Amino acid sequence: MSTLAPLRLLREPSNASEGNQSNATVGASGGWCQGLDIPNELFLALGLVSLVENLLVVAAILKNRNLHSPTYYFICCLAVSDMLVSISNLAEMLFMLLLEHGVLVMRPSIVRHMDSVIDMLICSSVVSSLSFLGVIAVDRYITIFYALRYHSIMTLQRAVVTMASVWLASTVSSTVLITYFRSNTILLCLIGFFLFMLVLMLVLYIHMFALARHHLHSISSQQKPPTAHRGGSLKGAVTLTILLGVFFICWGPFFFHLILIVTCPTNPFCTCFFSYFSLFLILIICNSVIDPLIYAFRSQELRRTLREVVTCSC
């Protein structure tokens, strides 16, 4: 797959010369360092599927007034972030295909500008996806531990301010990243943000499950049936944990790739890992494909509304 300017440098670190790269690759063990040749059609297909799925999620949340709550607004924003991944992928592929086949003729300066715009979309989706997963985790934490005060804590006004702040921060940070993409400091900031959000969500989920387990033991000892609220809270915690696991599996290799760029750009084993960059991009797109399936499977209300949207019922 052809990648655009900053992403191409992420594939091959700028602080490693071509000679070091090739020697490292040859010196590493055999053919598994050659990477994978992933067809462009697969990128296009996954991008289209993700775009359609996330559009349905957004449409369902907007359609059903029962889903007009801060939690589902945050989920809607996460779906928009996933759509950014799909749109940027589709735009990149179509842009490259048109240029390669001579259908689109543009000056180099305009091509570089288009590169930057598409890469900004990709970087913005990375930061916003991480941020909204963290926001959703905090929202669920408040729901469980401060249930009686939830509506006074997470008001619609605060939710709107939170969403606007995340989108603004994502836009600014993506602009800085594209401008200074050659700097290891920028990569370290991005890696640090990923690790911070991952640790935050892990701590929140562990605390939520600890509380859920404590209540289940209390209910069992008193021989009382579980309440709907606690059952729903546990189900919500499980859903968010699945989302976190999927996100870590899909995005983890990419961020590990960034860590290796900073720490060992010329090491033979690191070089072999770099050769699988296209696979890491496929995993990122798969994350935006899987997320809507998790929403539809875990939320009965959203699943029902999605069915209505698909069948065009009123």
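Residues numbered from 1 in each chain as written. Predicted model: local features only at pLDDT ≥ 70, side-chain atom pairs only at ≥ 80, totals over all residues. Heavy atoms only, no water.

**Regarding the side chain of Ser-131**
Next, step 1: Along the chain, Ser-131 falls in helix H5 (residues 108–145).
Next, step 2: Ignoring any residue separated from it by four or fewer positions in sequence, one finds Ser-131 in contact with Val-166, Phe-193 and Met-197. (Helix = DSSP H or I, 4+ residues; strand = E, 2+ residues; numbered from the N terminus. Contact = heavy atoms within 4.5 Å.)

**Some remarks on the UniProt feature "transmembrane region" (unreviewed entry) in the protein**
Next, step 1: Those places that UniProt annotates as "transmembrane region" (unreviewed entry) correspond, in this numbering, to residues 42–62, 74–97, 117–138, 159–179, 185–212, 233–261 and 273–297.
Next, step 2: Secondary structure content for residues 74–97 is 100% helix and 0% strand, while the C-alpha to C-alpha distance between its ends is 35 Å.
Next, step 3: Taken as a whole, residues 159–179 contains 100% helix and 0% strand, while its terminal C-alpha atoms sit 30 Å from one another. (UniProt positions renumbered as here; feature names shortened; annotations may be inferred.)

**Examining the pattern of salt bridges**
Next, step 1: Scanning the model with the defined rule gives 2 salt bridges in all.
Next, step 2: Taking the shortest distance from any N to any O, the salt bridge between Arg-304 and Glu-308 comes out at 2.7 Å. Pair noted here: Arg-304 and Glu-308 are both in helix H12 (residues 300–311), with a separation of 4 residues, about one helical turn.
Next, step 3: Taking the relative accessible area as the measure of exposure, Arg-304 reaches 35% and is therefore partly exposed. (Salt bridge = Lys/Arg side-chain N within 4 Å of Asp/Glu carboxyl O. Buried < 20%, exposed > 50% of the residue type's maximum accessible area, 1.4 Å probe, protein only.)

**With respect to the state of the cysteines**
Next, step 1: Scanning all chains against the criterion turns up 1 disulfide.
Next, step 2: The disulfide partner of Cys-264 is Cys-270, and the gap between their sulfur atoms is 1.8 Å. Note on the Cys-264 and Cys-270 pair: the S-S dihedral is about -80°, so by sign convention the disulfide is left-handed. By the burial criterion, Cys-264 is buried, and Cys-270 matches it. (Disulfide = S-S within 2.5 Å.)

**Digging into the nonpolar core**
Next, step 1: Ranked by size, the top nonpolar core spans 77 residues in total, and within it Ile-61, Trp-251, Phe-254, Phe-255 and Leu-258 carry the most contacts.
Next, step 2: If near-sequence neighbours (up to four positions away) are discounted, Ile-61 is found in contact with Leu-67, His-68, Tyr-72, Ile-75, Cys-76 and Leu-302. (Core = buried A, V, L, I, M, F, W, Y, C linked by side-chain atoms within 4.5 Å.)

**Structural notes on a nonpolar patch on the surface**
Next, step 1: A cluster of nonpolar side chains, contributed by Leu-168, Val-172, Val-176 and Tyr-180, occupies part of the molecular surface with about 390 Å² of accessible area.
Next, step 2: Considering the arrangement of structural elements, one finds Val-176 in helix H7 (residues 156–179).
Next, step 3: The partly exposed category is assigned to Val-176, whose relative accessible area is 36%. (Patch = residues over 30% accessible without salt bridge, like charges linked within 9 Å, V, L, I, M, F, W, Y side chains within 5 Å. Areas by Shrake-Rupley, 256 points an atom, 1.4 Å probe, with all protein chains shown as cover.)

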